[in-house]
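# Breakdown of the fold
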Amino acid sequence: MNRNLSYLLAGLALSAASLASAKPIVVGGKLDPEAQLLSQMIILTLRNAGLEVTDKASLGDTGVNRKAILAGEIDTYAEYTGNAVYLFPAAKITPAQSKNPGTVYGLARQLDSKQGVTWLKPANANNTWAVALPQSFATQNKLSSYADLAAYLKKGGAFKIAGSPEFFDRDDAFKLFESTYGFTLTPAQKLVLAGATPPQTQQAAAAGTNGVNAAMAYATDGSIAALKLVVLKDSKNAQPVYQPAPIIRTDTLKANPQIEGLLNKVFATLDAKTLQTLNGKIALEGQSAQNVASDYLKSKNLIK
């Protein structure tokens with residue numbers, strides 16, 4: 001190759017890298033309190049490091065954020081390792097693989113690397129899909145597990161659950177409880193609320209809105225105890241492991257390699273108890289996700 005051409009190509013590559021690092025980093029996010037919290041942690045951490053950030057934290061559900069990151073419309077957001085089962089159906093991740101934290105993380109990282117997306121290190125928390133019931137209803141009907149619920153439904157017990165379209169439509173969410181424990185709800189037994197977050201569905205269950213006596217939940221929800229709800233036990237371990245982790249477009253990470261260390265350090269401080277407490281401040285106390293994230297990061301000396 002001509003030496004001058006080599007210099008020219010090298011110069012163009014450097015210019016492209018400089019432009020990539022100079023572009024604002026667009027942070028996406030899902031709509032529930034924990035997703036909003038994690039998005040704000042990412043945003044505040046990157047801004048504290050002197051990076052320019054565009055906030056798109058309230059972008060939408062998993063599918064919306066997934067399409068956006070693959071299209072380059074956002075650069076990073078918080079995803080969950082167990083979603084690899086949903087995101088990569090062709091890979092046929094086995095139930096055993098999906099329930100092993102290290103295995104499902106490794107598969108998610110490996111499979112997404114081919115899509116130009118890098119998974120950073122996950123938090124030590126497992127935020128599975130779940131079903132929550134009012135404590136009084138659960139006690140009255142002796143419901144403590146999904147096996148109990150299946151038996152109750154077979155006897156014709158009254159049941160109506162509120163949840164988002166994603167909760168009901170995905171094979172690894174409510175459908176997985178149905179197939180694992182051998183029951184199927186009718187459309188009349190589901191209250192499908194577009195864009196609903198767990199606190200909203202749980203409030204409906206607690207209040208008995210429209211006959212609802214059960215709600216979509218996540219294991220780390222801060223609203224469960226406060227609303228006097230209980231989560232059904234998954235004795236067959238139907239659910240994959242859902243550890244939250246930052247994911248980022250590989251090109252963006254190459255242009256800004258310091259991001260990996262910064263976000264890994266933040267997520268290393270998070271566990272289930274911490275997330276429940278922080279989620280509760282947002283869902284129950286009405287604090288903004290940004291303020292809760294800021295106070296937490298400052299308390300850990302992760303931002304100034």
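None of the values given here were measured: they were computed from a predicted structure. (Residues numbered from 1 in each chain as written. Predicted model: local features only at pLDDT ≥ 70, side-chain atom pairs only at ≥ 80, totals over all residues. Heavy atoms only, no water.)

### Points about the overall build of the chain
Looking only at helices and strands, the chain has 16 helices and ten strands in total. What you see for the chain is a C-alpha radius of gyration of 21 Å, in line with the 19 Å of a compact globule of 304 residues. Principal-axis analysis of the C-alpha atoms places the extent of the chain at approximately 80 × 40 × 30 Å. Looking at the 304 residues of the chain, the share that counts as buried comes to 51%. Taken as a whole, the chain presents about 13,900 Å² of accessible surface, with 53% of it coming from carbon and sulfur. Computed over 30 positive and 22 negative side-chain charges, the separation of the two mean positions in the chain equals 4 Å. (Helix = DSSP H or I, 4+ residues; strand = E, 2+ residues; numbered from the N terminus. Rg over C-alpha atoms; globule rule 2.2 N^0.38 Å. Buried < 20%, exposed > 50% of the residue type's maximum accessible area, 1.4 Å probe, protein only. Areas by Shrake-Rupley, 256 points an atom, 1.4 Å probe, with all protein chains shown as cover. Lys, Arg positive; Asp, Glu negative; His and termini not counted. Charge placed at Lys NZ, Arg CZ, Asp CG, Glu CD.)

### Things to note about the sheet that holds strand β8 (residues 214–218)
Strand order in this open sheet of five strands is β7-β6-β8-β5-β9, and the pairing throughout is mixed. Among the strands making up the open sheet, the edge pair consists of β7 (190–192) and β9 (229–231). With direction set aside, neighbouring strand axes in the sheet form an average angle of 35°. Two elements, strand β5 (residues 129–134) and β8, share four bridges in a ladder whose sense is antiparallel. Looking across to β8, one finds that W129 is bridged to Y218. Against the sheet, helix α10 (residues 174–181) engages β5, β6 (161–163) and β7, with an angle of about 80° to β5. (Pairing = 2+ DSSP bridges. Axes fitted to C-alpha atoms, helices over the stretch in contact; angles between N-to-C directions. Contact = heavy atoms within 4.5 Å.)

### Thoughts on the confidence of the model for the chain
When pLDDT is averaged across the chain, the result is 93; 93% of the residues are at 70 or more. Here residues 13–19 is a poorly scored stretch, pLDDT under 50, and it has one contact once near neighbours within four places are set aside; other chains count. (pLDDT = per-residue confidence, 0-100.)

### Things to note about the pairing of strand β10 (residues 244–249)
For β10, the tally of buried residues reaches five of six residues, placing the bulk of the element in the interior. One ladder, built from five bridges, connects strand β3 (residues 76–80) with β10; its direction is antiparallel. Residue pairing across strands places T76 opposite I248, the latter belonging to β10. In the sheet, strand β4 (residues 117–119) pairs with β10 via three bridges, with the strands oriented antiparallel. Looking across to β10, one finds that V117 is bridged to R249.

### Examining helix α16 (residues 289–299)
Along α16, the residues classified as buried are A289, V292, A293, S294, Y296 and L297. For α16, the secondary structure elements touched by its buried residues are α2 (33–48), α14 (258–267) and α15 (272–283).

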